[in-house]
Amino acid sequence: MNIHEFQAKELFAQFDIPVPRGKAMKTPRAAEKWAAVLDAPVFVVKAQIHAGGRGKAGGVKITRNRADVPALAREILGKVLVTHQTGPKGRKVRRLLIEEGAEIAKELYLGLLVDRDTGFPTFIASTEGGMDIEDVAAQTPEKVLREAIDPAVGFQPHHGRNLAFALELPAMDNAVVKPFLSMLDNLYRLFMEKNASLVEINPLVITTDHRLIALDGKVSFDDNALCKHPDVQAFRDLHEEEPLEIEAGRHNLNYVKLDGDIGCMVNGAGLAMATMDVIKLAGAEPANFLDVGGGATKETVAAGFRILLKDKKVKGIFVNIFGGIVRCERIAHGVIEASKEVGMTLPVVVRLQGTNAEEGRKLLAESGLKIDVATDLWEAAQKIVAMKGKRRKR
Ligand code: GDP
Ligand code: MN
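Since we're looking at a predicted model, the values are computed, not measured.

Draft legend 1. Quick look at helix 13 (residues 357-365). Buried within helix 13 are the following residues: Ala-357, Gly-360, Arg-361 and Leu-364. What you see down the axis of helix 13 is that its buried residues fit within an arc of 95°, all on one side. Residues Glu-358 and Lys-362 are exposed on helix 13 and point more than 90 degrees away from its buried face. Contacts made by the buried residues of helix 13 are with helix 12 (328-342), strand 17 (348-354) and strand 18 (372-374).

Here you go:
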């Protein structure tokens, strides 16, 4: 799960990581009032969306004049911001962070994430802050520093010293070395205590008066640990999530929306991945990943079916079930029920194998619905790709 910058900064403050004075506001009027309270020499007005690259897209405005704040707020609020991270559709700005501007002497990059190769939480740091770290890594990989932390040992002072010296901080500004070491310690605590999967501060700035401040903040969390953190759950913003994925979550379905036109419903994540591969091999693109799980019931199948049909791109549906724990006749009941309920007009191919597959196929064949039944995966995939987009005749 991702959160907004203003929420990340709330968390940072809880862990004694310095952030600018600021608050999130939803209207120009509220922004105006808060600016009066803030009473700073420089004001920064920042669009709050779950994407970076806002600066270049016009989502970050800076002014020395307090009277400008409401106009800047009006300009950004409600705007659909397109950045290199939002995709072409962009994201609507519903909230702004209004904060005290910093006088920047130097922009750094600081991140902490789980390195997939070593399995260790790993700090990433660079003197090239404010830019896309991916570009820095591609063009000047020597400027991206890493420091892996063995979680069994935890963050140690030598980890901090290694990074501080590699960044040449003592030469850059000796006054920020100690605060930097504390910041790394605090960041590591936040990361572990909140089960984060990524924390990113870009830019981390050294100010002209020698302070170290997190000027931007991004935190992602491990969804599987969210149940342990009601405070983090409270940060969830459904506006920022794919509506079909939210609905799928309510039915405990693992659904990820993709861009193709063959909707697929499968039991088991591995089989779902294989099914997507087979759809591609047969010459089409999957519209989604959907794992209805090992314990799929008639109800979950019906819910999955309704979600597939809400995706207007879908031109054909491929149900691929291997009955292990799940029984194929239950799946058949779900498919039949959902097809009747929605008045299915799209081609559907159902491939059933395993427990009670025969009974399931019989139910489908006798349902009076025009559903194609298959036993072989490759055959079934070719069939649905050939039929996609064709209207079914009853
Ligand atoms: P992003 O573009 O979505 O990553 O948004 P950021 O929060 O990183 O802001 C983009 C850029 O705006 C930063 O790299 C800074 O150069 C600039 N910026 C943001 N806040 C301030 C500030 O308080 N003072 C100054 N001078 N520049 C700022
Ligand atoms: Mn940034």
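Alright, that's what it looks like, and here's the rest.
Draft legend 2. Here's a closer look at the state of the cysteines. This model, assessed by the stated rule, comprises zero disulfides. In this structure Cys-328 is not part of a disulfide, and its nearest cysteine sulfur, from Cys-264, lies 17 Å away.

Draft legend 3. Focus on the layout of surface pockets. As a volume, the second largest pocket reaches approximately 230 Å³. Every residue lining the second largest pocket is counted, 16 residues in all, and those nearest its centre are Glu-100, Gly-101, Ala-102, Arg-211 and Ile-213. Its residues assigned to classes, the lining of the second largest pocket comprises eight nonpolar, three polar and five charged. Two domains each put at least three residues into the lining of the second largest pocket: domain 1 (21-100) and domain 2 (104-233).

Draft legend 4. Spatial organisation of the domain arrangement of the protein. Domain annotation of the protein identifies domain 1 (21-100), domain 2 (104-233) and domain 3 (243-387). Just the C-alpha atoms count here: the centres of domain 1 and domain 3 sit 44 Å apart.

Draft legend 5. Summary view of the site of ligand 1. In the vicinity of ligand 1, 17 residues are found, and the nearest of them are Lys-46, Arg-54, Gly-55, Ala-102 and Glu-107. With respect to ligand 1, the side chain of Lys-46 contributes an N or O atom lying 2.5 Å from an oxygen atom. Residue Glu-107 places a side-chain N or O atom 2.8 Å away from an oxygen atom belonging to ligand 1. Taken by itself ligand 1 offers 570 Å² of open surface, and the protein chains cover 80% of this.

Draft legend 6. Structural detail: the coordination of the manganese ion (ligand 2). Every protein donor of the manganese ion (ligand 2) is accounted for by Asn-202 (O) and Asp-216 (OD), and the metal-donor separations fall at 2.2 Å. Of this pair, Asn-202 sits in strand 10 (residues 196-207) while Asp-216 sits in the loop between strand 11 (212-214) and strand 12 (218-221), and the two are 14 residues apart along the sequence. Both residues of the pair, Asn-202 and Asp-216, belong to the buried class.

Draft legend 7. Region of the structure containing the side chain of His-159. One can find His-159 in helix 5 (residues 157-166). Judged by relative accessible area, which is 8%, His-159 ranks as buried. Contacts of His-159, omitting those with residues within four sequence positions, involve Glu-147, Ala-148, Ile-149 and Gly-154.

Draft legend 8. The packing of helix 10 (residues 269-281) against helix 14 (residues 377-387), seen in detail. Interaxial distance between helix 10 and helix 14 falls to 9 Å at its minimum, and their mutual angle equals 55°. Comparing their axes, helix 14 and helix 10 come out oblique. Considering only the axes of helix 10 and helix 14, their crossing is right-handed. Contact residues: Val-278, Ile-279 and Leu-281 in helix 10; Leu-377, Trp-378, Ala-381 and Val-385 in helix 14. Tallied by class, the residues present in the contact of helix 10 with helix 14 amount to seven nonpolar, no polar and no charged.

Conventions adopted
Residues numbered from 1 in each chain as written. Chains lettered and ligands numbered in written order. Predicted model: local features only at pLDDT ≥ 70, side-chain atom pairs only at ≥ 80, totals over all residues. Heavy atoms only, no water. Buried < 20%, exposed > 50% of the residue type's maximum accessible area, 1.4 Å probe, protein only. Helix = DSSP H or I, 4+ residues; strand = E, 2+ residues; numbered from the N terminus. Arc of directions from axis to C-beta. Contact = heavy atoms within 4.5 Å. Disulfide = S-S within 2.5 Å. 1 Å grid on protein atoms, 1.4 Å probe; cavity = no way out; pocket = protein on both sides within 12 Å on 5 of 7 lines; lining within 4 Å. Points joined across faces, edges and corners; volume = space filled by probe spheres on them. Nonpolar A, V, L, I, M, F, W, Y, C, P; charged D, E, K, R; others polar. Domains from an automatic or database assignment. Near = heavy atom within 4 Å. Polar contact = N/O pair within 3.5 Å; in protein donor to acceptor, adjacent residues only side chain to side chain. Areas by Shrake-Rupley, 256 points an atom, 1.4 Å probe, with all protein chains shown as cover. Donors = N, O, S within 2.8 Å, 3.2 Å for Na, K, Ca; no water. Axes fitted to C-alpha atoms, helices over the stretch in contact; angles between N-to-C directions. Parallel < 35°, antiparallel > 145°, perpendicular 65-115°, else oblique. Left-handed = near helix turned anticlockwise from the far one by under 90°.

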